[in-house]
Amino acid sequence: QITTPQKDYSPIQIGRWTLHNQIAEGAATLVYRVICSESQKEGVLKLFKIHADGYALAQNEIQALRLIHPNLPVLIDHGTTRDGRHFLVTEYIPD
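Each chain carries its own residue numbering, running from 1 in the written order of its sequence. Note on the predicted model: pLDDT of at least 70 is required for a residue's local features to be given, and 80 or more for side-chain atom pairs to be given and counted; whole-chain, interface and lining totals, by contrast, use all residues. Excluding hydrogens and water, the side-chain values take into account all heavy atoms of the structure.

> Go over the pattern of salt bridges with me, naming the residues and quoting the values.
A side-chain nitrogen of Lys or Arg and a carboxyl oxygen of Asp or Glu constitute a salt bridge if their distance falls within 4 Å. Across all of its chains, the model carries 5 salt bridges by this definition. The salt bridge involving Asp77 is made with Arg16; its shortest N-O contact spans 3.4 Å. With Asp77 in strand E5 (residues 75-80) and Arg16 in the loop between strand E1 (13-14) and strand E2 (17-25), this residue pair connects regions lying 61 residues apart in the sequence. Ionic pairing is found between Lys49 and Glu25, a salt bridge with its closest N-O pair at 2.9 Å. Note that Lys49 is positioned in the loop between strand E4 (42-48) and helix H1 (54-65) and Glu25 in strand E2, a separation of 24 residues in sequence. Note on Lys49: relative accessible area 23%, which makes it partly exposed. Throughout this description, buried means an accessible area under 20% of the type-specific maximum (1.4 Å probe, protein chains only), exposed means over 50%, and partly exposed covers the range between. Look at Glu25 and you get exposed, because its relative accessible area is 53%. In the salt-bridge network here, residues are joined through shared partners; they are Arg16, Glu38 and Asp77. Counting from the N terminus, the helices are DSSP H or I runs at least four residues long and the strands are E runs at least two residues long.

> Can you explain the environment of Asn21? Please cite residues and give values.
Inspection of the secondary structure assignment puts Asn21 in strand E2. Distance in space between the C-alpha atoms of Asn21 and Arg33 is 5.6 Å, their sequence separation being 12 residues. Residues count as neighbours in contact if any of their non-hydrogen atoms are within 4.5 Å of one another. When near neighbours in sequence (up to four residues on either side) are disregarded, Asn21 contacts Val31, Tyr32 and Arg33.

> Talk me through the nonpolar core; I want residue IDs and the actual numbers.
One broad trend across soluble globular proteins is that nonpolar side chains are buried collectively. Counting 11 residues, the largest nonpolar core is built from Ile14, Trp17, Leu19, Leu30, Tyr32, Val34, Cys36, Leu45, Leu47, Phe87 and Val89. Looking at this core, the elements that each hand over two or more residues are E2, strand E3 (29-36), E4 and strand E6 (86-91). Among the elements that line this core, the one with the most residues is E3, at 4 residues. Residue contacts for Tyr32: discarding those within four places in its chain leaves Leu19, Asn21, Gln22, Ile23, Gly43, Val44, Leu45 and Leu47. Here, nonpolar core refers to any group of buried Ala, Val, Leu, Ile, Met, Phe, Trp, Tyr and Cys residues whose side-chain atoms link them within 4.5 Å.

> Which residues make up the layout of surface pockets, and what values go with them?
A cavity here means a set of 1 Å grid points, computed over protein atoms only, where a 1.4 Å probe fits but cannot escape. A pocket is an open set with protein on both sides within 12 Å along at least 5 of 7 lines, and lining residues have an atom within 4 Å of a point. Grid points are joined across faces, edges and corners, and a volume is the space filled by probe spheres set on the points. What the largest pocket holds in volume is close to 200 Å³. What lines the largest pocket is simply Ile12, Gln13, Ile14, Gly15, Leu19, Tyr32, Leu47, Thr80, Thr81, Arg82, Arg85 and Phe87. Its residues assigned to classes, the lining of the largest pocket comprises 6 nonpolar, 4 polar and 2 charged. Amino acids are sorted into nonpolar (Ala, Val, Leu, Ile, Met, Phe, Trp, Tyr, Cys and Pro), charged (Asp, Glu, Lys and Arg) and polar (every other residue, Gly among them).

This is the structure in structure tokens:
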């Protein structure tokens, strides 16, 4: 029996957020379930793909999520990755 060695994959970190699994993909974004490395709080990270409208799209979503409404998740964090992509993190709402 041949066994292949286990590869040690380090978790991907964006800011203080550790990516766990991709939960969706849209035309302009990738969406991940994440855990905060500081507080262990769960969240959802939306990572904007690199294209000309990435900054404008991120800013529009951040503005909308700053509203307090029962049908909108709470904005927890936002920023820019080292390679210039914008991201935002909202509360995780289980199904």
